[in-house]
Structures are given as structure tokens and as C-alpha cells.
Amino acid sequence: MLDYHMHSTFSEDGTMTMEEACWQAVKVGLKEIAITDHMDIDLPENIYAFQIKDMYGYMKEISKVKEQFKGLLKVKAGIELGLQDWTLDQCAALTVNFPLDFVIASIHNVNGEDPYFRVYFNSRDKEKSYTDYYETILQLIEEYDDFNVLGHLDYFRRYSPYGYGPEDRWIGKDLVEAILKVLVRKGKGMELNTSGFAHSSRQPHPHPDILKWFRELGGEIVTIGSDAHSVEEVGYENKRALEWLKYAGFDYVTSFTDMKPEFIKI
Ligand SMILES: [Zn+2]
Ligand SMILES: [Zn+2]
């Protein structure tokens, strides 16, 4: 039982301390977690500054809980790295300068527009709301290498006013295929982000059929993440996630140490 995506108070939208996250992880029976606070460098104007302000303090706090929970819970030092094409050098420097175990590459912006805000959808019909986002992912993961898994493939879906129909996972299919192929070629993984299940679509990010496709194309690395921002979300739908992974053809889940994968049988 692993949860490889969660935010502490080092994220402006996180409401739990790392210690509280760890206690909750123990309580719900997790064996290992990665703390992955937001690192979106140079975000366009937003309601939050999604960036760890004190990276040294962040690493120090993770070391502290790592030590404190020894024997009870493995704690890994991660970040959720928000990619934008003009910040990729700064992003890469982070993994050189800090001893991170795990990096999620996430896209929270399309040309400076965050799908969290309605304006993203005002200028796009349903199809374009998918394809513009996927095109941005494709361009960024082609260019950028210093990450382990791609975060929430269809993040925009959380906020979409268009709903989520039974066939919508196939919108922008060619682009999704291209994204999956880049990940396979580069030896990178996908994230099964269970937070999507809490939204009206009742499907994780991405839909398990997309993970199945990733597996068929030769994808091997997959992590499970709740994207918890508060204590009650830690380990959210973790058991169901293991079933989704099995459905997708994975008989293991991945953990990371020093950015290197290890495969754990499920
Ligand atoms: Zn995210
Ligand atoms: Zn997140």
C-alpha cells in the first residue's frame, strides 16, 4: 500500500503538516508514501503561489519525518513539478541540487491558462479542451527528462463544464498515444491519480483503459497517488487503485529511491 502523491503545508493549498500526513498514512495502513509538494516555477498570476518557498527547509522537514517514522512508514522525498516551456532549465536544476527520490511531472497550464479557471473552457469547445492540454504535455515531455512519472494525464477534466461521457477517454486519441509512446521510449511512468474518482466522472486520472493501453505499448512504471491536500484524503481509494492496476495488466506498483524505480508485487 503506497501513496505517491500528497501535499503538505509546504504547498499553499495543503492543510496538513508532513507529520499529520504520516500519522494518517500509518492509520490507514499505508506502508510507504512520497510527499510531493507543488513546485510550479514562474506561474502566471494565480490564486496560489504553487511553489515550495524554502526548498532547504522542505528537504529538512522530510528528513525529520523519515527519521521519526522509521520502522512504521517509509517516507520519500518527492515534488510535483509543474512544467512550463520557459522554466525547464530551472526544473532540471532542482533534481541536481536536491536529493529527491521522486518527481511527478505535471502540467497545470496551457499557454498560461490553468484549466482550474473557467476562462480555459470559455475559449475552447470540449474537444479542444482535451487536445490543447494533451499537445502541451506532449511538447513538454519530449523536451524534458528529469522526472519519473507524468501526473494526472487528464487534469483539466476535474474542472470541465462539459461533463465526462462514457467515450470521452478517447477524445484526442492520437495525442494520447503519442504521449504514452514518449513515456515508454524514455522509460518514464504514469501516475494513477485516484482524486479523479471524487469528481463527477467517478474515474481516476487517467481512466484505467488508458493505463491498459500504456501497458500494451510497453509501459512498465506506474505509481498510485491520492493527490491528498488534507488528512482525510491520504490513501484515498488505494485498494480500488490496486484493482484498476490489475485490470490494466500491471501486477506490480512502483516505488522510487533516489529517482530509481523498484517494483513491488501487488
Ligand atoms: Zn497537480
Ligand atoms: Zn498534486
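Residues numbered from 1 in each chain as written. Chains lettered and ligands numbered in written order. Predicted model: local features only at pLDDT ≥ 70, side-chain atom pairs only at ≥ 80, totals over all residues.

Caption draft 1: Just the overall build of the chain, in detail. Counting secondary structure elements, the chain contains 8 helices and 9 strands. Its C-alpha atoms give the chain a radius of gyration of 17 Å, near enough to 18 Å, the size a compact globule of 266 residues would have. Judged by the C-alpha coordinates and their principal axes, the chain covers about 50 × 40 × 35 Å. Residues counted as buried form 47% of the 266 residues belonging to the chain. (Helix = DSSP H or I, 4+ residues; strand = E, 2+ residues; numbered from the N terminus. Rg over C-alpha atoms; globule rule 2.2 N^0.38 Å. Buried ≥ 20, exposed ≤ 12 C-beta atoms within 10 Å, placed from the backbone.)

Caption draft 2: Highlighting the pairing of strand 3 (residues 74-82). Along strand 3, 8 of the 9 residues are buried, which leaves the element largely enclosed by surrounding structure. Here strand 2 (residues 32-40) pairs with strand 3 via 9 bridges, running parallel. Paired with isoleucine 35 across the bridge in strand 3 is alanine 77. Here strand 3 pairs with strand 4 (residues 102-106) via 5 bridges, running parallel. The residue of strand 4 that forms the bridge with isoleucine 79 is valine 103. Each parallel crossover has a hand, and the one from strand 3 via helix 3 (residues 88-97) to strand 4 is right-handed. (Pairing = 2+ DSSP bridges. Right-handed = clockwise from strand over helix to strand, strands pointing away.)

Caption draft 3: Layout of helix 7 (residues 208-216). For helix 7, the full list of buried residues reads Ile210, Leu211, Trp213 and Phe214. Buried residues in helix 7, looked at end-on, bunch into an arc of 155 degrees, giving them a common side. Each element contacted by the buried residues of helix 7 is listed here: helix 6 (173-186), strand 6 (189-193) and strand 7 (222-225). (Arc of directions from axis to C-beta. Contact = placed C-beta atoms within 7 Å.)

Caption draft 4: Spotlight on the packing of helix 5 (residues 126-143) against helix 6. Running from amino to carboxyl end, helix 5 crosses helix 6 at an angle of 20 degrees, the nearest separation of the two axes being 9 Å. The pairing of helix 5 with helix 6 is recorded here as roughly parallel in orientation. The two elements helix 5 and helix 6 meet at a crossing, and its hand is left-handed. Contact residues: helix 5 offers Thr131, Tyr134, Glu135, Ile137, Leu138, Ile141 and Glu142, while helix 6 offers Leu175, Val176, Ala178, Ile179, Val182 and Leu183. Considered class by class, the residues forming the contact of helix 5 with helix 6 number 10 nonpolar, 1 polar and 2 charged. (Axes fitted to C-alpha atoms, helices over the stretch in contact; angles between N-to-C directions. Parallel < 35°, antiparallel > 145°, perpendicular 65-115°, else oblique. Left-handed = near helix turned anticlockwise from the far one by under 90°. Nonpolar A, V, L, I, M, F, W, Y, C, P; charged D, E, K, R; others polar.)

Caption draft 5: Geometry of the sheet that holds strand 6. One open sheet accounts for 7 strands, arranged 1-2-3-4-5-6-7; its pairing is parallel. Two strands close off the open sheet at either side, each with one partner strand: strand 1 (2-3) and strand 7. Strand direction decides the pairing type here: strand 5 (residues 149-150) and strand 6, joined by 2 bridges, are parallel. Each bridged residue has a counterpart across the sheet, and for valine 149 the counterpart in strand 6 is glycine 189. Together, strand 1, strand 2 and strand 3 form the strand contacts of helix 1 (residues 18-27), whose direction differs from that of strand 2 by roughly 145 degrees.

Caption draft 6: Representation of unusual backbone geometry in the model. For the peptide bond that leads from histidine 205 to proline 206, omega is -10 degrees, which places it in the cis range. Inspection of the secondary structure assignment puts proline 206 in the loop between strand 6 and helix 7. Look at asparagine 111: it is not a glycine, yet its phi comes out positive at around 50 degrees. Looking at the element boundaries, asparagine 111 is found in the loop between strand 4 and helix 4 (119-122). Even without being glycine, glutamate 237 reaches a positive phi, approximately 55 degrees. Along the chain, glutamate 237 turns up in the loop between strand 7 and helix 8 (238-247). Take glutamate 237: there are 19 C-beta atoms within 10 Å of it, and that puts it in the partly exposed class.

Caption draft 7: View of the packing of helix 1 against helix 2 (residues 55-68). Close contact between helix 1 and helix 2 brings their axes to 10 Å; oriented N to C, the two are set at 35 degrees. Note on packing geometry: the crossing formed by helix 1 with helix 2 is right-handed. Contact residues: helix 1 offers Met18, Glu19 and Cys22, while helix 2 offers Glu61, Ile62 and Val65. Of the residues in the contact of helix 1 with helix 2, the class split is 4 nonpolar, no polar and 2 charged.

Caption draft 8: Looking closely at the nonpolar core. Residues Ala21, Ile33, Ile35 and Leu81 are the most contacted members of the largest nonpolar core, which totals 67 residues. No other element matches the 6 residues that helix 5 contributes to this core. In contact with isoleucine 33, other than residues within four places in its own chain, are Leu2, Asp3, Met6, Ala21, Ala25, Leu73 and Val75. (Core = buried A, V, L, I, M, F, W, Y, C linked by C-beta atoms within 7 Å.)

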